[in-house]
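Each chain, letter by letter, is given below.
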Amino acid sequence: QVQVTESGGGLVQPGGSLRLSCSASGFILALYAVSWFRQAPGKEREGVSCISSLDDITYYGDSVKGRFAVSRDSAKNTVYLQMDNLKPEDTAVYYCAAVVPSPTGSTWFRSNEYDYWGQGTQVTVSS
């Protein structure tokens, strides 16, 4: 059975930084597009970022552009989400998801298209 696991969440002050990790077991994550989603209580899931499986093209939601960066370390079967200049509006449970074939810039944020999901990690931005 395949498994995806997120880690790295926590409590941080506004303007601070966190790095989330998404690790896979049972399959090669580099063969999949990997996206980060987040969901706050009472809200719909929101696409945060995506890194493609074909050529590591990256995509970002409008609210995080310029602040977040997604990257791969294929040797560790891991994808990272570096989050800088965090804002209270970033508070949510963050999920990692993987899918084949790789989505495009117009489809990566459609959460119902993804095959594998992690359990989520809580990010809280507060003074």
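Please read all numbers here as calculations on a predicted model, not as lab measurements.

S.K.: I'm lost on the state of the cysteines in this one. Help?
M.R.: As used in these notes, a disulfide is a covalent bond between sulfur atoms, one from each of two cysteines. What the rule picks out here adds up to one disulfide. This cysteine, Cys-50, is not joined by any disulfide, and Cys-96 carries the nearest cysteine sulfur, 10 Å off.

S.K.: How should the nonpolar core be read in this particular structure?
M.R.: Soluble, globular proteins show a tendency: their nonpolar side chains are buried together. Core analysis: the biggest nonpolar cluster contains 26 residues, and Val-34, Trp-36, Phe-68, Val-79, Leu-81, Met-83 and Tyr-94 have the highest contact counts within it. When sequence neighbours within four positions are dropped, the list of residues in contact with Val-79 reads Leu-20, Ser-21, Cys-22, Leu-29, Val-34, Trp-36, Ile-51, Val-70, Ser-71 and Arg-72. Counting residues in each nonpolar core, the second largest holds eight residues, with Ala-33, Phe-37, Ala-97 and Tyr-114 among its members.

S.K.: When you look at the packing of aromatic side chains in this model, what are you seeing that I'm missing?
M.R.: Where two aromatic rings form a pair, the distance of their centres and the angle of their planes describe that pair. This structure, assessed with the given rule, holds nine aromatic pairs. Ring pairs connect the aromatic residues Phe-37, Tyr-95, Tyr-114 and Trp-117, which therefore count as one cluster. The ring centre of Tyr-80 lies 4.3 Å from the NZ or CZ of Arg-19, which sits over that ring.

S.K.: Sorry, what's going on with the pairing of strand β7 (residues 68-73) here?
M.R.: Sheet faces and side chains relate simply in a regular strand, where the side chains alternate between the two faces. Of the two faces of β7, only one is covered, namely that formed by Phe-68, Val-70 and Arg-72; the face formed by Ala-69, Ser-71 and Asp-73 stays uncovered. Where β7 and strand β8 (residues 78-83) come together, six bridges link them in antiparallel fashion. Considered in β8, the bridge of Ala-69 is made with Gln-82. Connecting β7 to the antiparallel partner β8 that follows it, the hairpin turn spans four residues, and Asn-77 within it adopts a positive phi of roughly 55°.

Analysis parameters
Residues numbered from 1 in each chain as written. Predicted model: local features only at pLDDT ≥ 70, side-chain atom pairs only at ≥ 80, totals over all residues. Heavy atoms only, no water. Disulfide = S-S within 2.5 Å. Core = buried A, V, L, I, M, F, W, Y, C linked by side-chain atoms within 4.5 Å. Buried < 20%, exposed > 50% of the residue type's maximum accessible area, 1.4 Å probe, protein only. Contact = heavy atoms within 4.5 Å. Phe/Tyr/Trp six-rings, centres within 6.5 Å; stacked < 30°, edge-to-face > 60°. Lys NZ or Arg CZ within 6 Å of the ring centre and 35° of its normal. Helix = DSSP H or I, 4+ residues; strand = E, 2+ residues; numbered from the N terminus. Pairing = 2+ DSSP bridges.

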